[in-house]
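Letter by letter, the chains look like this.
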Amino acid sequence: MEVTLLGTGDTTGTPTPGCSCDTCERARERGVERTRYSVHVRNERTDESLLVDASPDFRHQFLERDVSLPDAAVISHVHFDHLDGLGNAYRLFSELPVYAANETDPKTGESVAETVRNDYHYLDTITVSAETPFEPFETCGFEVTLVPVDHPPLVCYGLAVEDTETGAKLSLSGDTSYGVPDESRAVLADPDLLLADGIVPAHLCEHHPLGGKHENDDGVFRTFGTKHMTMEGARELGAELGADQTRIVHLSHFIPADEAFGEDLAIDGERYDL
């Protein structure tokens, strides 16, 4: 299993357009990017590839990185920075199966699968498969399981991607607070690689209107506001899940420049062989 991090940033990315903050300037100096979130997973046995979330930066990401166009995609939730890249299916694919959860979201009145189907009804190349959380399905030679996480006010899903022949396992937290349900944690546990949402360091919770949540024994917030883990929360989730390696993703340009490029904070283009 070859995992390429196409996009490791939050909704505005780093550098953020029009921003001259120290973190964005430092990224420009280093020649690195954190575009909107997306992950490419190649099955080296079958030479097929799976895209996890379709970034609005789809075109740039695939031109920039040496990866094949996907044979299928999974959408974790309907926020634009994870979904809107599907419009690139026009003319690029003869067909693109898209997998998404079938649970109705009380906020939207639709499941993620229904929203994808309705938003892209004009693209004949996209076929949507509605999947039940906790029930594995097969695509690209992988066994994939969607699990509910905590990203109010919308439903959102993490996922485990496993090669049952080799034992390789990738887990993705999805956009979530630290309040990942125990049943979901059990599915995500013991990965070779965990990609964990960690938008900012915990000390920035003082600037959020809602502060932070899920304090640990040392009083450190593991959730920023209500929707995303802090970087500290992402690290603790990785430890609790027993991940061989954790890379923190969905990172914001609000991270102070002297912390923004720490050892476990991902940047676009990283590649892992599991």
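Residues numbered from 1 in each chain as written. Predicted model: local features only at pLDDT ≥ 70, side-chain atom pairs only at ≥ 80, totals over all residues. Heavy atoms only, no water.

Looking at the side chain of threonine 223
(1) Moving on: Within the secondary structure layout, threonine 223 lies in strand 13 (residues 221-224).
(2) Moving on: Among the polar contacts listed, one links the side chain of threonine 223 to the side chain of histidine 214, at a separation of 2.7 Å. (Helix = DSSP H or I, 4+ residues; strand = E, 2+ residues; numbered from the N terminus. Polar contact = N/O pair within 3.5 Å; in protein donor to acceptor, adjacent residues only side chain to side chain.)

A look at the nonpolar core
(1) Moving on: Membership of the largest hydrophobic core comes to 50 residues, with the highest contact counts inside it found for Val41 and Leu86.
(2) Moving on: Among all residues touching leucine 86, those that are not within four sequence positions of it are Ala54, Ile75, Leu96, Val98, Val116, Tyr120, Leu123 and Ile126.
(3) Moving on: Ala189, Val200, Cys205 and Met229 belong to the second-largest nonpolar core, a separate cluster that totals 25 residues. (Core = buried A, V, L, I, M, F, W, Y, C linked by side-chain atoms within 4.5 Å. Buried < 20%, exposed > 50% of the residue type's maximum accessible area, 1.4 Å probe, protein only. Contact = heavy atoms within 4.5 Å.)

Brief notes about the pairing of strand 8 (residues 142-148)
(1) Moving on: The buried fraction of strand 8 is high, at six of seven residues.
(2) Moving on: With three bridges joining them, strand 7 (residues 137-139) and strand 8 adopt antiparallel strand pairing. Across the sheet, phenylalanine 137 pairs through a bridge with valine 144, a residue of strand 8.
(3) Moving on: The antiparallel pairing of strand 7 with strand 8 creates a hairpin that spans two residues between the two strands, and cysteine 140 there sits at a positive phi of about 55°. (Pairing = 2+ DSSP bridges.)

Observations regarding the layout of surface pockets
(1) Moving on: In this structure, the largest pocket encloses a volume near 380 Å³.
(2) Moving on: As for the largest pocket, its lining consists of 22 residues, and the residues nearest its centre are Asp10, Ile199, His208, Phe224 and His228. (1 Å grid on protein atoms, 1.4 Å probe; cavity = no way out; pocket = protein on both sides within 12 Å on 5 of 7 lines; lining within 4 Å. Points joined across faces, edges and corners; volume = space filled by probe spheres on them.)

Remarks on the sheet that holds strand 11 (residues 193-197)
(1) Moving on: In space, the six strands of this open sheet follow the order 7-8-9-10-11-15, with mixed pairing throughout. Looking at strand neighbours, the two that pair on one side only are strand 7 and strand 15 (246-249), the edges of this open sheet. Across the sheet, the mean angle from the axis of one strand to that of its neighbour is 20°, orientation sign disregarded. (Axes fitted to C-alpha atoms, helices over the stretch in contact; angles between N-to-C directions.)

A few points about the sheet that holds strand 13
(1) Moving on: The antiparallel open sheet is built from three strands, whose spatial order is 12-13-14. Of all the strands in the sheet, just strand 12 (212-215) and strand 14 (228-229) have a single pairing partner and so form its edges.
(2) Moving on: In terms of strand pairing, strand 13 meets strand 14 through two bridges, oriented antiparallel. Each residue of the ladder has a partner; that of threonine 223, found in strand 14, is methionine 229.

Some thoughts on the environment of threonine 246
(1) Moving on: Take threonine 246: it is sitting in strand 15.
(2) Moving on: A sequence separation of 50 residues divides threonine 246 from alanine 196, and the C-alpha atoms of the two residues are 6.9 Å apart.
(3) Moving on: With residues near it in sequence (within four places) discarded, threonine 246 still touches Leu194, Ala196, Ala234, Gly238 and Asp264.

Things to note about unusual backbone geometry
(1) Moving on: Note the cis peptide between threonine 14 and proline 15, where omega equals 0°.
(2) Moving on: Mapped onto the fold, proline 15 is located in the loop between strand 1 (2-7) and helix 1 (22-30).
(3) Moving on: Cis rather than trans, the peptide bond between proline 152 and proline 153 has omega equal to 10°.
(4) Moving on: Secondary-structure assignment places proline 153 in the loop between strand 8 and strand 9 (157-162).
(5) Moving on: Look at aspartate 53: it is not a glycine, yet its phi comes out positive at around 70°.
(6) Moving on: Assessed through its relative accessible area of 1%, aspartate 53 is described here as buried.
(7) Moving on: A positive phi is found at histidine 250, a non-glycine position, where the angle reads about 55°.
(8) Moving on: Inspection of the secondary structure puts histidine 250 in the loop between strand 15 and strand 16 (271-273).

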